[in-house]
Amino acid sequence: MSEPKAPTPAPGDTYKGWLFKWTNYIKGYQRRWFVLSNGLLSYYRTQSEMGHTCRGTINLATANIAVEDSCNFVISNGGTQTYHLKASSEVERQRWITALELAKAKAFRMQAESDDSGDDSTSPSASQGAGSRNSEVQSTLRTLGSKVEDLSTCNDLIAKHGSALQRSLSELEGIRLGGETSEKIRQVTERATLFRITSNAMINACRDFLALAQAHSKRWQKALQAEREQRVRLEETLEQLAKQHNHLERAFRGATVLPASQSNPAIDSKGSVPGKGDVSDEDEENEFFDACEDVQEFITVPADPKYHRSGSNVSGISSELGMDDGTTSLDEQSLASNPESPQSQEVVPVRKRRTRIPDKPNYSLNLWSIMKNCIGKELSKIPMPVNFNEPLSMLQRLSEDLEYYELLDRGAKCQSSLEQMCYVAAFTVSSYSTTVHRTGKPFNPLLGETFELDRVQESGYRSLCEQVSHHPPAAAHHAISERGWTLRQEIALASKFRGKYLSIMPLGSIHCVFEKSNNHYTWKKVTTTVHNIIVGKLWIDQSGEIDVVNHKTGDRCHLKFAPYSYFSRDVARKVTGVVTDKDGKAHYVLSGTWDEKMECSRVMESSRGGENGADGRQKTVYQTLKAKELWRKTPLPEGAEDMYYFSTLALTLNEPEEGVAPTDSRRRPDQRLMEQGRWEEANAEKQRLEEKQRTVRRERDREANRSTNPAEEAEEVEIASEPSETTYKSGHQDNYKPMWFERQIDPMTGDPTHIYRGGYWEAKEQGNWDSCPDIF
């Protein structure tokens with residue numbers, strides 16, 4: 001029973017020690033120094049590495065802790081990080097388990113509080129002293145809540161270990177004296193030691209809780225009572241001011257605007273206000289709550305006390321920061337008051353879209369046998385089966401850029417071009433969120449293939465894509481919304497295969513035009529890299545920089561997608577950006593990740609910091625207001641891992657639909673067979689379509705009296721060729737005229753591009769597809 005005393009892990013304290021970590025089958029378990037601090041478990045080779053090199057870190061807030069045997073346990077975050085660890089003894093292992101469980105509970109609570117804090121609001125006229133008192137009370141309450149959760153966690157552990165100890169004692173009492181006596185006694189000793197360690201942790205937590213409760217109980221009561229009284233006084237004052245304002249406005253309107261004979265009967269000649277029960281009561285209530293909401297938004301924004309100003313600053317700041325729930329409520333009011341809005345018209349049944357597709361079959365394929373002779377070659381020379389695909393066309397993947405079209409809807413309602421830029425920048429980032437788990441390659445479209453996405457009834461927009469060129473492969477896209485925006489783009493893909501990874505570089509510009517303000521935005525896409533092509537689990541990363549430019553005002557947003565680095569301590573898939581005006585002055589700072597969310601913060605001051613960046617220049621320090629969430633990724637549907645990790649929108653893209661063009665991707669037979677799980681038939685059909693397209697191209701070349709390059713006859717339709725930026729801009733090599741797009745010089749960029757010529761939706765309405773080519 002004489003176990004050496006070790007420090008008991010206390011909630012929130014740093015816990016350190018040696019553990020053995022599994023590395024690989026050659027080296028096995030290796031001794032590493034682990035540090036648990038602030039909900040993060042990090043490890044180093046030696047203690048001396050703590051100052052400069054961290055070998056790995058895992059966030060316990062989303063981690064699972066599992067015990068394998070007496071000394072081994074596993075920590076995993078459900079993704080790419082899994083630590084197989086072994087302690088020197090069962091007692092040491094339990095010390096770590098106790099510390100990890102306490103740290104996990106605390107980290108989870110802190111994360112939940114951080115998420116909820118974005119919706120908090122403060123009283124509109126509270127003084128700075130009252131605000132500091134309220135902050136102190138809230139901080140104390142959070143600390144006490146944390147202690148209560150620690151007590152609950154310790155209680156669960158005590159119950160667990162107490163039951164195990166009771167079972168061991170019962171077994172000890174029931175055995176006879178013999179050879180197994182010593183073993184049972186050893187088990188009882190170890191379990192009693194574990195129980196003592198956990199009990200000590202709970203006793204420490206209880207002591208801290210009681211000390212805080214005794215020190216602050218009276219202060220809580222006084223502070224909370226003062227806050228209640230102050231809140232009541234402020235509400236009464238605001239209500240009186242709002243009603244007085246409404247009375248004066250109505251009296252002024254009745255006295256100066258309307259003649260006496262035509263004045264509103266609800267207002268007499270003296271400008272008196274009707275009593276209760278009249279229609280104007282509803283208006284008064286609406287005005288009161290609107291005014292209160294605006295003031296609260298201003299009070300909660302500033303991060304520095306010197307920006308707490310009253311008077312004229314309220315309307316200016318709150319109008320440019322109206323990107324929270326207040327914007328949503330304002331939109332709902334405008335829709336309700338608009339007689340032409342969908343809500344006020346006759347309700348039309350919305351089509352119910354499908355929510356599942358057949359599960360992905362488990363077909364084995366030797367990737368190395370296909371790739372080993374292709375390193376350094378153009379991908380157009382690699383015959384690829386559908387095993388590497390997903391049952392969607394590249395045109396459909398291009399349409400998935402509209403997954404979060406609501407960002408453009410909200411941007412169309414913005415009065416400020418800088419605020420609108422924030423939404424456009426968030427939209428550019430959101431288009432990559434669907435790629436985080438999508439390692440399958442989409443079908444490369446056949447020349448002349450189209451795809452329509454008609455969501456006017458559900459979402460107010462519709463889009464059309466067409467494969468306008470095969471050499472180099474390029475697709476044109478045009479989307480228009482009833483909410484006042486238009487999106488168009490022409491994208492060609494250049495790819496490089498380097499054995500371990502595949503880089504995909506999109507070429508071409510994306511244009512977004514808002515009808516009301518006539519603001520015209522352009523940007524380009526970043527590089528997509530697929531890692532572990534040959535060995536290991538495939539994973540995708542986005543890296544590069546994007547400049548979103550407003551050509552009307554000169555505003556600019558510079559976005560940086562940080563590439564993944566094993567040695568970086570930043571969050572993975574990080575995106576940062578700064579919104580500047582035409583003079584280069586920063587107004588907003590954007591931050592987030594391309595697979596989860598984006599936030600923006602208004603810049604109040606900027607200065608050069610003392611710390612130098614990686615390029616030797618001084619970093620700019622921005623003093624910002626509280627961050628506002630612009631976009632958050634919608635969770636994937638249930639069972640998405642069996643359906644190619646498709647989002648809710650992606651599941652509906654290949655759904656059969658009546659009335660679409662004969663060239664629509666939904667009618668492509670090899671893609672349809674693959675979705676149904678008939679991959680062998682899909683491969684055969686794919687080869688037939690490839691040969692058919694090669695034959696059509698040779699005939700088109702002969703008609704144009706142009707010789708065909710024999711090397712091009714061996715090209716596979718399914719894999720894109722390797723266009724560069726120069727060859728892409730110089731012109732397309734196909735002697736082909738698209739059906740719905742025409743090649744023009746872009747007035748904004750000066751580059752040749754394909755722009756929608758019109759006629760598709762009219763042809764669909766008439767059911768006239770006689771001019772469409774037979775490509776399937």
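Structure shown above.
This structure is a prediction, so every number in the text was calculated from the model and none was measured.

(A) Representation of the packing of aromatic side chains within the structure. All chains considered together, the criterion is met by 18 aromatic pairs. Measuring from centroid to centroid gives 5.5 Å for Y43 and Y83, while their planes differ by 85°, and the two rings are edge-to-face. Here Y83 lies in strand β7 (residues 82–86) and Y43 lies in strand β3 (residues 40–44), a separation of 40 residues in the sequence. Of the two residues examined, Y43 and Y83, each falls in the buried class. Between Y432 and F561, the ring centres sit 5.4 Å apart and the planes meet at 70°, which makes this aromatic pair edge-to-face. Taken together, the positions of Y432 in the loop between α10 (417–430) and β9 (441–443) and F561 in strand β19 (residues 556–561) put the pair 129 residues apart, joining distant regions of the chain. For F561, a relative accessible area of 1% gives the class buried. Taken together, the aromatic side chains of W740, Y760, W761 and W769 make up a single cluster linked through ring pairs. A cation sits over an aromatic face here: K525 above Y432, 5.4 Å from the ring centre.

(B) Examining a nonpolar patch on the surface more closely. Where nonpolar side chains cluster on the molecular surface, the patch consists of Y564, Y566 and F567 and spans about 400 Å² of accessible area. Secondary-structure assignment places Y566 in the loop between β19 and β20 (574–580). A relative accessible area of 47% means that Y566 is categorised as partly exposed.

(C) Spotlight on the environment of K16. Counting through the fold element by element, K16 comes out in strand β1 (residues 15–24). For K16, a relative accessible area of 42% puts it in the partly exposed group. Sequence separation between K16 and Q47 is 31 residues; the distance between their C-alpha atoms is 9.8 Å. The contact partners of K16, leaving out residues within four places of it in the chain, are W33, F34, V35, M50 and W96.

(D) View of the side chain of S601. Among the structural elements, S601 can be located in strand β22 (residues 597–612). By relative accessible area, which is 11% here, S601 ends up buried. In this view, S601 contacts H587, Y588, V589, T624, L625, K626 and A627; residues no more than four positions away in its chain are not counted.

(E) Highlighting the nonpolar core. Counting 64 residues, the largest nonpolar core has W485, L487, W523, V548, L559, F561 and L590 as the members making the most contacts within it. In terms of residue count, the dominant contributor to this core is α10 (9 residues). If you look at the next biggest cluster of nonpolar residues, it comprises 19 residues, including Y15, L19, L41 and W96.

(F) Region of interest: the sheet that holds strand β6 (residues 72–76). Pairing within the open sheet is antiparallel, and its 7 strands lie in the order β4-β3-β2-β1-β7-β6-β5. Sheet topology places β4 (56–59) and β5 (64–67) at the edges, where each strand pairs with a single neighbour. Along the sheet, successive strands turn relative to each other by an average axial angle of 35°, direction set aside. Taken together, the 4 bridges between β3 and β4 define a ladder with antiparallel strand orientation. Residue pairing across strands places S42 opposite T57, the latter belonging to β4.

Criteria and thresholds
Residues numbered from 1 in each chain as written. Predicted model: local features only at pLDDT ≥ 70, side-chain atom pairs only at ≥ 80, totals over all residues. Heavy atoms only, no water. Phe/Tyr/Trp six-rings, centres within 6.5 Å; stacked < 30°, edge-to-face > 60°. Helix = DSSP H or I, 4+ residues; strand = E, 2+ residues; numbered from the N terminus. Buried < 20%, exposed > 50% of the residue type's maximum accessible area, 1.4 Å probe, protein only. Lys NZ or Arg CZ within 6 Å of the ring centre and 35° of its normal. Patch = residues over 30% accessible without salt bridge, like charges linked within 9 Å, V, L, I, M, F, W, Y side chains within 5 Å. Areas by Shrake-Rupley, 256 points an atom, 1.4 Å probe, with all protein chains shown as cover. Salt bridge = Lys/Arg side-chain N within 4 Å of Asp/Glu carboxyl O. Contact = heavy atoms within 4.5 Å. Core = buried A, V, L, I, M, F, W, Y, C linked by side-chain atoms within 4.5 Å. Pairing = 2+ DSSP bridges. Axes fitted to C-alpha atoms, helices over the stretch in contact; angles between N-to-C directions.

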